[in-house]
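Remarks on the overall topology
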Amino acid sequence: MNLLEKLNLLAEKIDVEVKTLKTLEAVEAFKIKVLGRNGALTDLMKELRNVPKEEKPALGKRANEIRQAINEALDGLTKEIEAEVLQKKMEQETIDVTLPGQPVTQGHPHIIEQVMQQIEDLFLSMGYEIVEGTEIVSDVMNFERVNVPKDHPARDMQDSFYIDDHHLLRTQTSAVQPLVLEQHDFTKGPLKVISPGKVYRRDNDDATHSHQFHQIEGMVVAEGITMGDLLGTLELMSKEIFGENREVRFRPSYFPFTEPSVEVDVSCFKCGGKGCNVCKQSGWIEILGAGMIHPNVLKMSGIDSNKYTGFAFGTGPDRMAMLKYGVNDIRQFYLNDERFLNQFIGGTK
Ligand code: FA5
Ligand code: MG
């Protein structure tokens with residue numbers, strides 16, 4: 001077989017083989033097999049050296065035609081395969097707008113936050129201001145300035161987390177009282193303030209006690225404020241949170257910073273007053289302490305206690321949320337179990 005015949009035979013074989021190539025990898029491999037350094041066509045070109053001079057131009061031309069035809073065929077094939085790959089990818093990735101979307105989880109305020117907001121709204125509507133205190137306070141503000149000196153036995157009721165000898169995590173929002181009292185300008189009108197926030201105690205956790213909980217302090221100071229104002233205010237708040245029909249009782253109590261003092265209890269939601277493990281068999285759950293601000297507290301903040309009187313209260317929103325929603329263990333609020341929390345998405349009203 002002469003070289004021209006060999007070239008033509010190769011061209012025919014290539015025509016057939018090109019049609020079987022299906023992937024970019026196969027195209028590339030085929031190109032090397034034919035046009036590479038030891039490729040089939042390259043090998044035939046080497047034989048050109050041995051043919052008579054006058055035959056060389058025609059054979060060279062034929063060889064070049066074949067090479068060009070192969071290149072064109074393979075380029076075209078490459079484009080076709082690439083287009084097919086793209087098409088497949090687009091088909092696979094098309095968005096089906098009729099499929100249901102990914103659900104978006106929407107958060108909601110924690111149940112205690114909801115109760116606190118409800119209390120805040122009530123007092124804002126009555127013209128109270130909201131002030132924020134800090135959670136780390138001095139021993140002076142948490143205790144001494146509210147009439148609880150160093151050796152006072154009342155300190156035992158509020159065992160505390162100390163940070164150093166003089167600072168602690170506040171055990172009560174009453175720690176804001178001295179600051180609020182000393183800053184108020186009575187020529188501008190009465191003092192009416194609430195102060196919500198977290199407080200901390202070394203209490204042993206049980207169904208109604210947590211080592212971290214919330215309080216909302218309330219204070220009203222002006223000329224002529226009486227115990228009647230306090231009781232009316234507390235009754236209003238209880239009705240707002242628990243409705244008209246829940247039983248609420250006032251019980252005489254003791255706080256070093258109020259005189260006289262009261263505590264407010266709400267009938268236990270679980271036993272209805274008979275006594276059970278939630279209410280410690282008493283039938284009642286305490287929600288707040290309150291009283292008429294002790295003259296010593298006013299005096300220590302530079303207020304004339306003969307001219308001005310006032311009341312203060314410290315409510316526990318955690319306990320209120322328990323009572324309002326029948327939650328039988330305060331620790332549920334702090335476990336962050338969504339199954340529990342998601343029961344209260346609806347709001348408090
Ligand atoms: C006080 O903390 C006083 N500062 C309240 C006060 C303010 C009295 C102003 C007079 C004038 P007491 O320790 O009783 O008082 O706590 C108040 C309320 O906080 C309780 O009625 C209860 O609702 C809540 N509370 C107390 N300890 C805990 C606790 N460990 N876990 C959850 N709630 C608590
Ligand atoms: Mg108490």
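Let me begin by describing the structure that accompanies this report. (Residues numbered from 1 in each chain as written. Chains lettered and ligands numbered in written order. Predicted model: local features only at pLDDT ≥ 70, side-chain atom pairs only at ≥ 80, totals over all residues. Heavy atoms only, no water.)

So, on to the site of ligand 1. Residues in close proximity to ligand 1 total 27 residues, the closest being Q172, S174, R201, D203 and E286. In this structure, a nitrogen atom belonging to ligand 1 sits 2.6 Å away from a side-chain N or O atom of Q172. Taking R201, its side chain carries an N or O atom lying 2.7 Å from an oxygen atom of ligand 1. Taken by itself ligand 1 offers 680 Å² of open surface, and the protein chains cover 96% of this. In this structure the site holding ligand 1 corresponds to the largest pocket. Listed by contribution, the elements that provide at least two residues to the shell around ligand 1 are strand 5 (212–222), strand 7 (258–267), strand 8 (284–293) and strand 9 (309–315). Broken down by element, the residue count for the shell around ligand 1 peaks at five residues, all from strand 8. For the shell around ligand 1, a count of residues per class yields nine nonpolar, twelve polar and six charged. (Near = heavy atom within 4 Å. Polar contact = N/O pair within 3.5 Å; in protein donor to acceptor, adjacent residues only side chain to side chain. Areas by Shrake-Rupley, 256 points an atom, 1.4 Å probe, with all protein chains shown as cover. 1 Å grid on protein atoms, 1.4 Å probe; cavity = no way out; pocket = protein on both sides within 12 Å on 5 of 7 lines; lining within 4 Å. Sits in = over half its atoms within 2 Å of the grid points. Helix = DSSP H or I, 4+ residues; strand = E, 2+ residues; numbered from the N terminus. Nonpolar A, V, L, I, M, F, W, Y, C, P; charged D, E, K, R; others polar.)

Reported here for the largest pocket is a volume of approximately 580 Å³. What lines the largest pocket is a set of 34 residues, among which R201, Q215, F255, E263 and E286 lie closest to the centre. Of all the elements in the fold, those that place two or more residues in the lining of the largest pocket are strand 5, strand 6 (248–255), strand 7, strand 8, strand 9 and helix 10 (317–325). Examining the composition of the lining of the largest pocket, we find that six residues originate from one element, strand 8, more than from any other. The class makeup of the residues in the lining of the largest pocket is eleven nonpolar, 16 polar and seven charged. (Points joined across faces, edges and corners; volume = space filled by probe spheres on them.)

For the pair helix 1 (residues 3–18) and helix 2 (residues 24–35), the least separation of the axes is 12 Å and the interaxial angle reads 175°. Of the possible angle classes, the one that applies to helix 1 and helix 2 is roughly antiparallel. Contacts between helix 1 and helix 2 pair I14, E17 and V18 from the former with F30, K33 and V34 from the latter. Grouping the constituent residues of the contact of helix 1 with helix 2 by class yields four nonpolar, no polar and two charged. (Axes fitted to C-alpha atoms, helices over the stretch in contact; angles between N-to-C directions. Parallel < 35°, antiparallel > 145°, perpendicular 65-115°, else oblique. Contact = heavy atoms within 4.5 Å.)

Side chains carrying opposite charge are able to pair once their charged atoms draw close together. This structure, assessed with the given rule, holds 18 salt bridges. With a closest N to O distance of 3.1 Å, R62 and E65 form a salt bridge. Residue R62 and its partner E65 are both found in helix 4 (residues 56–93); the two are separated by three residues, about one turn of the helix. Across the salt bridge formed by R249 and D265, the nearest N and O atoms sit 2.8 Å from each other. Here R249 is found in strand 6, whereas its partner D265 is found in strand 7, with 16 residues between them in sequence. With relative accessibility at 2%, the residue D265 sits in the buried group. Among the charged side chains, a network of salt bridges with common partners joins R249, R251, E263, D265 and E286. (Salt bridge = Lys/Arg side-chain N within 4 Å of Asp/Glu carboxyl O. Buried < 20%, exposed > 50% of the residue type's maximum accessible area, 1.4 Å probe, protein only.)

The next thing to look at is the coordination of the magnesium ion (ligand 2). At 2.2 Å from the magnesium ion (ligand 2) lie its protein donor atoms, namely E263 (OE) and E286 (OE). Placement of E263 in strand 7 and of E286 in strand 8 is noted, with a sequence separation of 23 residues between them. Overall, the relative accessible area of 30% leaves E286 in the partly exposed class. (Donors = N, O, S within 2.8 Å, 3.2 Å for Na, K, Ca; no water.)

Looking now at the sheet that holds strand 4 (residues 191–200). Reading across the sheet, the seven strands line up as 1-4-5-9-8-7-6 and stay open at both edges, with mixed pairing between neighbours. Looking along the sheet, the strands with just one partner apiece sit at the ends: strand 1 (129–130) and strand 6. Bridge count between strand 6 and strand 7: seven bridges; the pairing is antiparallel. Residue pairing across strands places P252 opposite V262, the latter belonging to strand 7. Against the sheet, helix 10 makes contact with strand 5, strand 7, strand 8 and strand 9, and its axis sits at roughly 140° relative to strand 8, the strand it touches most. (Pairing = 2+ DSSP bridges.)

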